[in-house]
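So the chains spell out like this:
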Amino acid sequence: MVSALALFRLSAIAGLIPSVTAAAFSKVEDRAITPLTCLFFGETVSPWWLNRCQKHLDMVVIDLRSAAEYAVSHIPGSISAPFEPISAWSQMGPGDLLLELPEYNDLAAFLGSIGVSNSPSATKIVLVNGVDPTGFSQAASPRVATTLRFAGLAEGRVAILDGGHPAWVRESLPVTTVVPVPVPRTFVSAPDRSFLVDINYVASKLNKNRQGIFILDGRDPDVYNGTRLEEWALKPGHIPSAKNLPTQNIWNPDGSFKSTFELLALLRQQIGYGASRSYGEIIVSCGVGGFASGLYWTLTRVLGFGDNVKFYDGSAQEWSRHFDMEL
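Residues numbered from 1 in each chain as written. Predicted model: local features only at pLDDT ≥ 70, side-chain atom pairs only at ≥ 80, totals over all residues. Heavy atoms only, no water.

Asks: Looking at this structure, I do not really get the state of the cysteines. What am I missing?
Replies: In a disulfide, the sulfur atoms of two cysteines are held together by a covalent bond. Applying the stated criterion across every chain, the model contains 1 disulfide. A sulfur-sulfur separation of 2.0 Å characterises the disulfide bridge that pairs cysteine 38 with cysteine 53. Torsion about the S-S bond of the cysteine 38 and cysteine 53 cystine: about -85 degrees, corresponding to left-handed handedness. Residue cysteine 38 is located in the loop between α2 (22-32) and β1 (44-45), and its partner cysteine 53 is located in helix α3 (residues 47-53); the two are separated by 15 residues in the primary sequence. Judged by its relative accessible area of 0%, cysteine 53 falls in the buried class. (Disulfide = S-S within 2.5 Å. Helix = DSSP H or I, 4+ residues; strand = E, 2+ residues; numbered from the N terminus. Buried < 20%, exposed > 50% of the residue type's maximum accessible area, 1.4 Å probe, protein only.)

Asks: What am I meant to see in empty space enclosed by the protein here?
Replies: A probe as big as a water molecule, rolled over the atoms, marks out the empty space that is left. Enumeration over the complete set of coordinates arrives at 3 cavities of 30 Å³ or more. Size it by volume and the largest cavity reaches roughly 80 Å³. Among the elements of the structure, α6 (136-150) and α11 (291-302) are those that each provide at least two residues to the lining of the largest cavity. Its residues placed into classes, the lining of the largest cavity shows 7 nonpolar, 2 polar and 3 charged. (1 Å grid on protein atoms, 1.4 Å probe; cavity = no way out; pocket = protein on both sides within 12 Å on 5 of 7 lines; lining within 4 Å. Points joined across faces, edges and corners; volume = space filled by probe spheres on them. Nonpolar A, V, L, I, M, F, W, Y, C, P; charged D, E, K, R; others polar.)

Asks: How should the nonpolar core be read in this particular structure?
Replies: If you look at the biggest cluster of nonpolar residues, it comprises 52 residues, and the most contacted ones within it are Leu111 and Val284. Membership of the second largest hydrophobic core comes to 16 residues, among which are Val45, Val126, Val128 and Trp168. (Core = buried A, V, L, I, M, F, W, Y, C linked by side-chain atoms within 4.5 Å.)

Asks: Teacher, can you tell me more about the side chain of glutamine 317 here?
Replies: Along the polypeptide, glutamine 317 turns up in helix α12 (residues 315-322). Residues within four places of glutamine 317 in sequence aside, it is in contact with Leu97, Leu98, Glu100, Trp232, Gly287 and Val288. (Contact = heavy atoms within 4.5 Å.)

Asks: In this structure, what is going on with the layout of surface pockets? I would like to understand it.
Replies: When its volume is computed, the largest pocket comes out at roughly 650 Å³. If you trace the largest pocket, you find 31 residues lining it, with Phe83, Leu99, Phe136, Ser137 and Ala139 closest to the centre. Those elements that provide at least two residues to the lining of the largest pocket are α6 and α7 (164-170). Residue contributions to the lining of the largest pocket peak at 5 residues, all from α6. The residue inventory of the lining of the largest pocket, partitioned by class, reads 14 nonpolar, 9 polar and 8 charged. For the second largest pocket, the calculated volume is near 410 Å³. Along the wall of the second largest pocket there are 19 residues; nearest its centre are Pro94, Glu100, Leu101, Leu196 and Asp313. Looking at the lining of the second largest pocket, the elements that each hand over two or more residues are β6 (196-197) and β10 (309-312). Taken together, the residues of the lining of the second largest pocket sort by class into 11 nonpolar, 2 polar and 6 charged.

Asks: Help me out: how do you make sense of a nonpolar patch on the surface in this one?
Replies: A cluster of nonpolar side chains, namely Leu36, Leu39 and Phe40, defines an oily patch on the protein surface of about 300 Å² accessible area. Classification of leucine 39 by relative accessible area gives partly exposed; the value is 35%. (Patch = residues over 30% accessible without salt bridge, like charges linked within 9 Å, V, L, I, M, F, W, Y side chains within 5 Å. Areas by Shrake-Rupley, 256 points an atom, 1.4 Å probe, with all protein chains shown as cover. Salt bridge = Lys/Arg side-chain N within 4 Å of Asp/Glu carboxyl O.)

Asks: What is the right way to read the confidence of the model for the chain from this model?
Replies: When pLDDT is averaged across the chain, the result is 90; 90% of the residues are at 70 or more. Contacts for the low-pLDDT stretch residues 1-29, under 50 throughout, to residues beyond four places or in other chains number 20 contacts. (pLDDT = per-residue confidence, 0-100.)

Asks: What am I meant to see in the pairing of strand β9 (residues 281-285) here?
Replies: The side chains of a regular strand alternate, first on one face of the sheet and then on the other. When you tally the buried positions in β9, you get 5 out of 5 residues, the bulk of the element. Covered by surrounding structure in β9 are Glu281, Ile283 and Ser285 together with Ile282 and Val284, the residues of both alternating faces. The pairing of strand β7 (residues 213-217) with β9 spans 5 bridges and is parallel. Bridge assignment links isoleucine 215 to a residue of β9, and that residue is isoleucine 283. Handedness of the crossover joining β9 and β10 through α11: right-handed. (Pairing = 2+ DSSP bridges. Right-handed = clockwise from strand over helix to strand, strands pointing away.)

Following this line, the structure appears as structure tokens:
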């Protein structure tokens, strides 16, 4: 990768040599130089950025939409790996819990098969989701990002295409029906369970808001308050003392993420200043672990709460089997 200083010097040289036209320099840049903008790989990337930078970086673009949607059209070079309850990304857990993390060895083998590597270079991953009014399609990317953290990928190596595939199409960027053949690579890492908590851990953290410990429930308000019972929970209501921050609220109607300021305001409405980047703890949950991933992504990657955030994958489906819910 060419350094920023080298790029600056090349730009200066191009400006001093009359025979090097702007068009010619642009072609040289496209072929040989990583543009400066491609060095900035954040928690989300825009369609313009992905179109500009995909060819310059060691990157795998993963399309999480259904196989049928992918077949109609997809981003050139993207790999189809649909997010489904039983897939490379999730499995049934003990007691037939839905949407549990897969076996690590299976996940590592799958990542290697689609071209993800840790050595000699650390592959970057961009996740592409669909968009729908319920938010379930948007939640696929944060959920897979959470799974990738479990796989041992550093959080800074994973980004979400802001607005998903519809945003790419709205910008009239190229699409294709050609299915790429990934080059398998070796993925070697170790599972990261440091951010995961179980039902007993959550039970020990109830009613501790004054100590800076909060449980955030990402389900819709009518499910949270017990007006509606989802099929995977045995009892209506929520984990005692949990606050409600509906994950649907983190997205704009077009499926893009709301601004950092808007997201922080949503959080403060629920927990005030009881927890921060340097104090307290937030445990995220939902129905089966899907929407909780949206909260986890927002709190860790966008708002920077880092290790102060824990993920309860069992969520309401597991809790309602063993403990009472609160209305």
